[in-house]
Amino acid sequence: EDIGVVAVGFSGGQCKPGVDAAPKALIEAGLLSQLRDELNYKLHGDDEVHLYTDLMPKEDPPFRNMKNPKAVSNVTEKLCDQVYAQAREGRMVLTLGGDHSIAIGTIAGTAKAIRERLNREVAVIWVDAHADINTPESSDSGNVHGMPVAFVTGLAKEDKREYFGWLKEEHMLNLNKLVYIGLRDVDPGEKRILRENGIKAFSMFDVDKYGIGRVVEMALAHIGNDTPIHLSFDVDALDPMWAPSTGTPVRGGLTLREGDFICESVHQTGSLVAIDLVEVNPSLAIDHVGASETVRAGCSLVRCALGESLL
Ligand code: DIR
Ligand code: MN
Ligand code: MN
Ligand code: MN
């Protein structure tokens, strides 16, 4: 089986440096060689980590409250093309972030490719402590990594090309094809957006109440059988006990086993078309153990989504 790999060393969707070093850390921990040698995937795409330095504008003042808006728009536009090029060939696409703003590009790219190739709408399972569905106006932080879902669903819109105006109908995710798992730190404005749009979301309350098995079952039932799935996994969905090295850790999260279970279940559907692994930040650790544990957790999630642990 074929996988297109895109390594995205980008941190401009939030303010803490270091998340751009995650792809290198994940690759050095052996992730890609494991996929190649142990899981027998054929990997495509360049082995280099993309830093997109040529896409960084000289000046990038806030626009509609967004920080680094041109940088994030430029990088995600380019990334959209990279992901599209792989998905168009019928390959599963693995994107190693980077902060979660990059999902604007990855989802736009898979949505467009799946429309063209299968004439279908892609579904997104967004695993995260956060909903990342702020509009520029509802966001307190101005960090675009808190807004990607709003942009790819069209809840946030902007005509100017350099500020995400490159996003067209073909890139869009249908709101009823979106489902969240793991939420526990959602802004008041985001809660209103989730409610008003009837968006399906399973918080940690639901994980405790029903157990991860039923939550995943209900999430998959919501998007429907035989729907192409894009899994966007923010490592901060895991409890900081398992993934401490991330920009915005929130206590009370998923165990590593619950995270792996989500990934295994998605693999088992046979409908997985893309995976993002984001927000691993090796430089945010109290000690080097925290960083390597977080990297190890990230590798485990990806391997589970690619079928490692199933018999
Ligand atoms: C917050 C935090 N909702 C924001 N978002 C985070 O900045 O919009 N996303 N940390 O991962
Ligand atoms: Mn394009
Ligand atoms: Mn996120
Ligand atoms: Mn998050």
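J.: In this structure, what is going on with the nonpolar core? I would like to understand it.
T.: For soluble globular proteins, nonpolar side chains are generally found buried alongside one another. Grouped together as the largest cluster of nonpolar side chains are 51 residues, with contacts concentrated most on Ile133, Phe164 and Tyr180. Each residue touching tyrosine 180, except ones within four places of it in the same chain, is listed here: Trp126, His130, Ala131, Ile133, Val149, Leu194, Ile199, Lys200, Ala201 and Phe202. In terms of nonpolar packing, the next biggest core, distinct from the first, is built from 50 residues, Met92, Val127, Leu238 and Leu256 among them.

J.: What should I look at first to understand the coordination of the manganese ion (ligand 4) in this one?
T.: Within the protein, Asp128 (OD), His130 (ND1), Asp234 (OD), Asp236 (OD) and Asp236 (OD) serve as the donor atoms for the manganese ion (ligand 4), at 2.1 to 2.5 Å. For the manganese ion (ligand 4), the six donor atoms in the first shell make angles of 56 to 169 degrees at the metal, so the coordination geometry reads as irregular. In the primary structure, the donors to the manganese ion (ligand 4) are separated according to the pattern D-x1-H-x103-D-x1-D. Taken as a pair, the manganese ion (ligand 4) and the manganese ion (ligand 3) lie 3.2 Å from each other and share aspartate 128 as a ligand. Assigned by exposure class, aspartate 234 and aspartate 236 land together as buried.

J.: Would you mind going over the site of ligand 1 with me for this structure?
T.: In the vicinity of ligand 1, the residues found are His130, Asp132, Asn134, Ser141, His145, Gly146, Asp187, Glu190, Asp234, Asp236 and Thr248. Residue asparagine 134 places a side-chain N or O atom 2.9 Å away from an oxygen atom belonging to ligand 1. Within the side chain of threonine 248, a nitrogen or oxygen atom sits 2.9 Å from a nitrogen atom of ligand 1. In isolation ligand 1 has 310 Å² of accessible area, and contact with the protein removes 90% of it. Of the residues assigned to the shell around ligand 1, the class counts are no nonpolar, six polar and five charged.

J.: What exactly am I supposed to notice about the pairing of strand 1 (residues 2-8) here?
T.: Within a regular beta strand, the side chains point alternately toward one face of the sheet and then the other, so they alternate between its two faces. With respect to burial, strand 1 is a largely interior element, six of its seven residues being buried. In the sheet, strand 1 pairs with strand 2 (residues 42-44) via three bridges, with the strands oriented parallel. Paired with glycine 4 across the two strands is histidine 44, which belongs to strand 2. The pairing of strand 1 with strand 4 (residues 92-96) spans five bridges and is classified as parallel.

J.: Teacher, can you tell me more about the packing of helix 3 (residues 69-88) against helix 4 (residues 103-118) here?
T.: Helix-helix packing: each pair is described by the crossing angle between the helix axes and the interaxial distance. Axis separation between helix 3 and helix 4 bottoms out at 7 Å; the angle between their running directions is 35 degrees. Read as a crossing pair, helix 3 and helix 4 show a hand that is right-handed. Here helix 3 contributes Thr76, Leu79, Cys80, Val83, Tyr84, Ala87 and Arg88 to the contact with helix 4, which in turn contributes Ile104, Gly105, Thr106, Ala108, Gly109, Thr110, Lys112, Ala113, Glu116 and Arg117.

J.: Hey, could you run me through helix 7 (residues 204-223) in this one?
T.: A turn of α-helix holds 3.6 residues, and therefore any two residues three or four places apart point the same way. Helix length check: helix 7 (20 residues) gives 20 Å between terminal C-alpha atoms against 28 Å at 1.5 Å per residue, more than 12% under. Roughly 110 degrees is the biggest bend found in helix 7, and it falls at glycine 211. For helix 7, the complete set of buried residues consists of Met204, Asp206, Val207, Ile212, Val215, Val216, Ala219, Leu220 and Ile223. On its buried side, helix 7 packs onto strand 5 (123-127), strand 6 (178-183), strand 7 (200-203), strand 8 (229-234) and helix 8 (256-269). Capping the start of helix 7, serine 203 holds a side-chain oxygen 3.2 Å from the backbone nitrogen of phenylalanine 205, two or three residues further along.

J.: Help me understand the pairing of strand 6 in this model?
T.: For strand 6, the buried fraction is high: six of the six residues fall into the buried class. Here four bridges tie strand 5 to strand 6, and the two strands are oriented parallel to one another. What sits directly across from tryptophan 126, in strand 6, is tyrosine 180. Between the parallel pair strand 5 and strand 6, the chain is carried across by helix 5 (residues 148-153), and the sense of this crossover is right-handed. Summarising the sheet, strand 6 and strand 7 pair through four bridges and their orientation is parallel. Along strand 7, the bridge assignment pairs valine 179 with lysine 200. With helix 6 (residues 188-196) bridging strand 6 and the parallel strand 7, this β-α-β connection has right-handed handedness.

Criteria and cut-off values
Residues numbered from 1 in each chain as written. Chains lettered and ligands numbered in written order. Predicted model: local features only at pLDDT ≥ 70, side-chain atom pairs only at ≥ 80, totals over all residues. Heavy atoms only, no water. Core = buried A, V, L, I, M, F, W, Y, C linked by side-chain atoms within 4.5 Å. Buried < 20%, exposed > 50% of the residue type's maximum accessible area, 1.4 Å probe, protein only. Contact = heavy atoms within 4.5 Å. Donors = N, O, S within 2.8 Å, 3.2 Å for Na, K, Ca; no water. Tetrahedral: all angles 85-135°; square planar, octahedral: opposite > 155°, others 65-115°. Near = heavy atom within 4 Å. Polar contact = N/O pair within 3.5 Å; in protein donor to acceptor, adjacent residues only side chain to side chain. Areas by Shrake-Rupley, 256 points an atom, 1.4 Å probe, with all protein chains shown as cover. Nonpolar A, V, L, I, M, F, W, Y, C, P; charged D, E, K, R; others polar. Helix = DSSP H or I, 4+ residues; strand = E, 2+ residues; numbered from the N terminus. Pairing = 2+ DSSP bridges. Axes fitted to C-alpha atoms, helices over the stretch in contact; angles between N-to-C directions. Left-handed = near helix turned anticlockwise from the far one by under 90°. Expected span 1.5 Å × (residues − 1). Bend = angle between axes of the 7 residues up to and from the residue. Right-handed = clockwise from strand over helix to strand, strands pointing away.

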